[in-house]
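In case you want the letters, here they are:
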Amino acid sequence: MSQPRETSIFGELYSGYAAGRLEPGFALLVETQAALRSDVAERVQVSEAIASAMLEREAPAEMGADALDRAFAAIDQLDKGAAISQRAATAAGAGIDEVMGLPEPLRDAVLHTMNHQSWQFTTPGIRRLSLDLEGDAETELYRLEPGVTVPRHTHAGSEFTLVVTGGFADELGAYGPGDLSVKGPEHTHQPVADMDGICYALAVRNGGLQFTGLVGAMQRILGV
């Protein structure tokens, strides 16, 4: 069960999405969670209805003469991007079935990134893909092998981690598909992936990771 602080954070996240105030990374987080959980989808719909009602009270703005042409051009660009992403997915080969099984909002972002960027190996059993999104927030998709342990770390800012498939547990709880873990500078944890399958986790943060122990020492030496 969510703690009061987390409940407030989640409410702000969903209302911010409905109002169009979120950075792309956080918007993707909400869309992916809504695709995984019907209760979140309902909360987002309620927030959108409230935002829509408030918008209707605003004075209408006049559209530009070329607004329709620009809209069609944007749609054409999306179609071209989807075709390129499918070719990139086919070329990627191994593991593409896993990517194609991700919820649509996340899958599209992953395929778009894979057009020009590859997965990075971090530590044994862990790969990450930095998603190509605008905004200041850092958005990454992690792939954890069953039972793998993530090096102990804390955070320079806030981190929202959504479990997409599989699951993991840390000192503060256990998380499965659709669950959202929120951590800040006050938290130090060491996630361990569940043993029953590959864990995909979407992490969005406004500050970098700070590792402890040997990994932390190497991080400080290398200045990363």
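Residues numbered from 1 in each chain as written. Predicted model: local features only at pLDDT ≥ 70, side-chain atom pairs only at ≥ 80, totals over all residues. Heavy atoms only, no water.

> What should I look at first to understand the sheet that holds strand S6 (residues 168–170) in this one?
Ordered by their spatial adjacency, three strands build an open sheet running S7-S6-S9, and the pairing between neighbours is antiparallel. A single partner strand is all that each edge strand has here, and the edge strands are strand S7 (173–175) and strand S9 (192–193). The pairing of S6 with S9 spans two bridges and is antiparallel. Note on S9: the bridge partner recorded for Phe-168 is Ala-193. (Pairing = 2+ DSSP bridges. Helix = DSSP H or I, 4+ residues; strand = E, 2+ residues; numbered from the N terminus.)

> How should the environment of Asp-136 be read in this particular structure?
Structurally, the position occupied by Asp-136 is in the loop between strand S2 (126–130) and strand S3 (138–144). Take Asp-136: its relative accessible area is 77%, and that puts it in the exposed class. Put simply, Asp-136 and Asn-206 are 70 residues apart on the chain and 7.1 Å apart in space, counted from C-alpha to C-alpha. (Buried < 20%, exposed > 50% of the residue type's maximum accessible area, 1.4 Å probe, protein only.)

> For this particular structure, what's the right way to read the nonpolar core?
Judged by nonpolar contacts, the single largest core of 33 residues is most densely connected at Leu-106, Val-110 and Leu-202. Sorting the residues of this core by element identifies helix H1 (4–18), helix H2 (24–36), helix H3 (38–56), helix H5 (96–100), helix H6 (104–114), strand S5 (159–165), strand S8 (180–183) and strand S10 (199–205) as the ones contributing at least two each. Setting aside residues up to four positions removed in sequence, Val-110 forms contacts with Val-99, Leu-102, Leu-129, Leu-131 and Leu-141. Ranked by size, the runner-up nonpolar core spans twelve residues in total, among them Val-163, Phe-168, Tyr-175 and Ala-201. (Core = buried A, V, L, I, M, F, W, Y, C linked by side-chain atoms within 4.5 Å. Contact = heavy atoms within 4.5 Å.)

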